[in-house]
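# Fold and geometry: a report
Listed below, chain by chain, are the residues.
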Amino acid sequence: MYYDPFVLPFTLGLNILLIYLIIKYARWIRTFSTEDRQTIRRNIFTLKTWKAGKEVFLESLVHHKIFRINPFLGYMHLCFGLGWFLLIVIGKIESLVYHTSIFNPPYFAIFFRYFHPAKETFPGSNVFAFFMDLILLMILSGLLLAWLKRLYSKALGLKRTTRHRPFDLLILTVLWLIFPLRFLAESFTSGLRGGGSFLTHTAGDFFNSFLPIEQLSYPAWWAYSSALGLFFLLLPFSRYMHIPTEIVYIFLKNWEVRQGKHFSGISQFQLYSCSRCGICIDRCQLGSSLGMTDTQPVYFLKKLRHGKEHSILVDNCLMCGRCEAACPVDLRLNALRLTQRQEDIRITKSTYEYIRPAAAKTTAKVAYFAGCMGHLTPGVIRSMQSIFHKAGVDYTFIDEGGSICCGRPMMLSGNHHTAAIIQEKNKASLEASGAELLVTSCPICYKTFKEDYRLDMQVLHHTEYLDILLREGALHPHCSDITTVFHNPCELGRGCQVYTAPEHILQTISHRIATAYEGKDALCCGGSLANLHISPQQRLQLAEDALNAYAAYRPDVLVTACPLCKKTFSQPGSSLPVQDIAELVDGQC
Amino acid sequence: MSVIIIGAGPAGCEAAYQLAQAGEKVELIEQEAQPGGNLNNWYQLFPDRKSAQELNRQLILRLEHPNIRLHLGCMPTKIDRREGRFEVQLNDGALLTGQALLIAGGFQLFNAHRKEEYGYGIYENVITSVELENFFTNQRIQTSTGQLPKRVGFIHCVGSRDEKTCNFHCSKLCCVTAVKQAIELREILPEAEILCFYMDMRMFGPGYEEMYREAQEKYRIKFVRGRLSEASENKAKQVLIKAEDTLIGKPLKMTLDLMVLMVGMELSAGSRQLAEMTGIEKATNGFLRVKDPHFATNETNQKGIFLAGSCSSPMNLTDTLTDARSAALTIREYLKHIDL
């Protein structure tokens, strides 16, 4: 039996951590709704579990999403994630090859170099030693980058790095100590008894030349074990809780447990899965345009988790989804923030009694819905009518005489009850048309129609519909030299994943200039309905900055597909013309 | 001593004349081919229905003073301050020097395209208050289809007191302008129905309230308290409007043959450029900030640079001319002071 008292700090720490995690996770899972439990049961024995495993490898260990942000930042995370994982796994295999007893406690593999008499070889012992040294070297190189990131975050592609609590800085120091201590302990032992490979063996000889390693070796193992034990004890109360929690979250996510309107068990898992990497900070335009650097998800989730005051942070978010699109852990950041917004508007069904009953059924197969925002941009409505006419489409304009709001603004302010009443009213009038296809001009309506209404007809945003008309040859674009840049509205692009349709339209009818703001990286115009905190002047600043960013590509027209974006962009009085994609299509066909 | 005045609208013209009369040399710079500024676009003035062009003619006539040099079609490209003197480089190559600089860059009207829901530039029969003045000048009031309008609506506060356009301020004159224009319209169209959609009627000047009362009693203009929400167009090219009569508390729908947008005032692009060139602060309403709202209404945060007219806030012509005279006095005091 291999044992030495110095393994106690590690063993104790690990066991306490495991017990704590099991209790914590069990409590959260117990709060899952029956529906969620059924979903899990349905999906657990399917390929989804395999997919989750793959995602755990790619994201929790390799951190491949972070590589896309910056290769060095990715490498740094890979060193800690994959490096540490390999150190444990290969170490375990090594220890099993050496000593195949089932009584092989976890600490035996971790402190293998201490327990293994170096002169005693076993199959592949040199190869194992070489790989273990290589992995340790990799982790140490990652550590070097982590230091560099603290000193100068720009070197790793981050303009700003997260401001941490003192407690998190303490555990960070402990984490940073673990690997140098392992290196020292293994080197000293190697210097004393031999063993190790190119790194620890060489270092051992080197230290031996000027240090009393005989006295230092045993304390170094104590220090290494204590650092590990302390790290495990502190972990549940620090941001490193994300390491175990993220893995569970990835499985739950792949089993399709969804973040609902209310704060629930899955929210808890997400809250503790945030690694506070700070990638969301640079993505946020409230930071880059308005200098608001305390409202980003990393800080919001931190305050929420530690029960700190966060009422302004709850309201101060554009919900543009730029952070969500970049989040390496794939947290539902908008939905999480929304769970904290409180119902504050009371309406009843009678509030909308004044609305006339829905129009009679028509024979038209296509129903056009401009939406209340659409009615603020009559130019868009006019273009759509003209396009329907040119394409010979039999359509009915269902909200020509006006309508009520789709309810999404209410939802975005946390008033789900009010939104539900509005939805019910609207749904009845939409379905009364009897049309098969509903085309809307407003991405805000579009998102809620698709996600919340469960309509018995197909719903398309006019961007998608125009794309279909162009592809089918119903519209005939003429040759044009006009150059365009596309501003993908938050609710259409990141909100509803409509990316290819506008791209294709603009390629067909104009010279589309590609920008740094394509697809998921589109900017927010600043007009967002979701932000309940910023002032109109601040919105203007956001709009101006976004406009300037697009104007730098010198297009003839900035094209968007949302009445709100168009209106917001028209306020700063820029010389860059802004058009809705429908207006452009109408002009070019 | 010489003073450089930028902008030859009513404020610039009046200040130039007052300073010239007092013996100062005046360099008056105007970017347009003729002086007069926004006054050139007006037909008649409230409250006395004086001809705008008559006032303009009087103001311009006085620019023939020997102490005034007028630089038309010119814009400053660079403004430097050297040893207490301003050096203004013009785009035509001239270099002007002066001991004081007076900014009279004035206002510009709100671009009605920004309020797209009112359909300006989209619906044929939506015009702005300036375009209506133009109609009066030509004495031709007709719709896009060439007919006499039977129902005309004036929409107040377009681009004023409107959070959505980021203009929180009141432009002050649009209310009384609407009353004046409604009366003028009634004289041309005795049978038409004329309505004003307002939030508040702000009749601040002498004679204004009386005009408002007369408009209701004598000229049968209907005033509806309620802001327009949106407009659309029917096949006959009439404008369908949706509003709320907030006195009755009911939503309202109506067709108009002609809709007039009472566009508000904003700091002119020229004034904005001058502020950026000279480092003059802007107030939260977007206009240029005066040093003190009571004692230094023509001074700025920059020593030696003064303001006159509507570049510091919306003003009617009476106040603009008064402000110009006040600026002339302030500048003379300043010149005396630096003389010593």
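Residues numbered from 1 in each chain as written. Chains lettered and ligands numbered in written order. Predicted model: local features only at pLDDT ≥ 70, side-chain atom pairs only at ≥ 80, totals over all residues. Heavy atoms only, no water.

## Regarding the pattern of salt bridges
Two side chains bearing opposite charge may form a pair once their charged atoms approach each other closely. All names here are of chain B. With the rule as written, the count across this model stands at 45 salt bridges over all chains. Two residues, E266 and R114, come together in a salt bridge whose shortest N-O distance is 3.0 Å. Note that E266 is positioned in strand 19 (residues 265–267) and R114 in the loop between strand 10 (107–109) and strand 11 (126–128), a separation of 152 residues in sequence. (Salt bridge = Lys/Arg side-chain N within 4 Å of Asp/Glu carboxyl O. Helix = DSSP H or I, 4+ residues; strand = E, 2+ residues; numbered from the N terminus.)

## Observations regarding the domain arrangement of chain A
In terms of domain boundaries, chain A breaks down into domain 1 (5–30 + 63–237), domain 2 (245–338), domain 3 (349–467) and domain 4 (478–588). Just the C-alpha atoms count here: the centres of domain 2 of chain A and domain 3 of chain A sit 31 Å apart. (Domains from an automatic or database assignment.)

## Topic: the sheet that holds strand 5 (residues 68–72) of chain B
All names here are of chain B. Spatial ordering of the open sheet is given by 5-2-1-9-20, a layout of 5 strands whose pairing is parallel. With one partner strand each, in any of the chains shown, strand 5 and strand 20 (305–307) form the two edges of the open sheet. Going from strand to strand, the sheet's axes swing by 20° on average, the running direction of each strand aside. With 5 bridges joining them, strand 1 (residues 2–6) and strand 2 (residues 25–30) adopt parallel strand pairing. Bridge assignment links I6 to a residue of strand 2, and that residue is I29. (Pairing = 2+ DSSP bridges. Axes fitted to C-alpha atoms, helices over the stretch in contact; angles between N-to-C directions.)

## Description of helix 23 (residues 416–432) of chain A
Residues and elements named next belong to chain A. Between its terminal C-alpha atoms helix 23 stretches 24 Å, which fits the 24 Å expected from 17 residues at 1.5 Å a residue. Among all positions of helix 23, only H416, T418, A419, I421, I422, Q423, N426 and L430 are buried. Close packing links the buried residues of helix 23 with strand 1 (366–369), helix 22 (408–412), strand 3 (437–440) and helix 24 (443–453). Remark: G434 follows helix 23 within two positions and exhibits a positive phi of approximately 75°. (Expected span 1.5 Å × (residues − 1). Buried < 20%, exposed > 50% of the residue type's maximum accessible area, 1.4 Å probe, protein only. Contact = heavy atoms within 4.5 Å.)

## Some remarks on unusual backbone geometry
Residue and element names in this part refer to chain B. In this structure, P47 follows F46 across a cis peptide bond, with omega equal to -5°. Along the chain, P47 turns up in the loop between strand 3 (44–45) and strand 4 (50–51). Look at R49: it is not a glycine, yet its phi comes out positive at around 60°. In this fold, R49 is placed in the loop between strand 3 and strand 4. Its relative accessible area of 28% is what places R49 among the partly exposed residues. A positive phi angle is found at R220, which is not glycine, with a value near 55°. Mapping R220 onto the fold places it in the loop between helix 5 (208–217) and strand 14 (222–225). Residue classification places R220 among the partly exposed positions, given a relative accessible area of 48%.

## Focus: a nonpolar patch on the surface
Nonpolar side chains collect at one region of the surface, where V127(A), F130(A), F131(A), L134(A), L137(A) and F198(A) lie side by side and expose about 490 Å² of accessible area between them. Topologically, F198(A) is positioned in the loop between helix 9 (166–193) and helix 10 (200–208). (Patch = residues over 30% accessible without salt bridge, like charges linked within 9 Å, V, L, I, M, F, W, Y side chains within 5 Å. Areas by Shrake-Rupley, 256 points an atom, 1.4 Å probe, with all protein chains shown as cover.)

## A short note on the interface of chain A and chain B
If you look at the interface, chain A gives 18 residues, while chain B gives 18 residues. When chain A packs against chain B, the two sides together hide about 1,500 Å² of surface, and 46% of this comes from carbon and sulfur. For chain A, the biggest contributors to the area lost against chain B are P378(A), R382(A) and Q571(A); these three give 35% of the whole. Joining chain A to chain B, the criterion identifies 3 salt bridges. In this structure, E117(B) engages K567(A) in a salt bridge whose closest nitrogen and oxygen atoms are separated by 2.2 Å. One can count 9 residue pairs in polar contact (both at pLDDT 80 or more) joining chain A with chain B. When residues of the side of chain A that touches chain B are traced back to their parent elements, those giving at least two are helix 21 (378–390), helix 28 (536–551) and helix 29 (563–570) of chain A. It is helix 21 of chain A that contributes the most residues to the side of chain A that touches chain B, 4 residues altogether. (Buried area = accessible area lost by both parts, 1.4 Å probe. Polar contact = N/O pair within 3.5 Å; in protein donor to acceptor, adjacent residues only side chain to side chain.)

## A short note on the domain arrangement of chain B
Residues and elements named next belong to chain B. Once the domains are mapped, chain B shows domain 1 (2–106 + 268–339) and domain 2 (112–265). Between domain 1 and domain 2, the C-alpha centre-to-centre distance is 32 Å. Across the boundary between the two partners, domain 1 contributes 15 residues, which contact 21 residues of domain 2. Taken together, the two surfaces of domain 1 and domain 2 that pack against each other cover about 1,600 Å², and 62% of this comes from carbon and sulfur. A per-residue breakdown of the area domain 1 buries against domain 2 is headed by Y43, F46 and P314, which together make up 39% of the total. At the junction of domain 1 with domain 2, the criterion picks out 1 salt bridge. Taking the shortest distance from any N to any O, the salt bridge between R49 and E187 comes out at 2.7 Å. At the junction of domain 1 with domain 2, the criterion picks out 8 residue pairs in polar contact (both at pLDDT 80 or more). Class assignment of the residues belonging to the side of domain 1 that touches domain 2 gives a composition of 8 nonpolar, 5 polar and 2 charged. (Nonpolar A, V, L, I, M, F, W, Y, C, P; charged D, E, K, R; others polar.)

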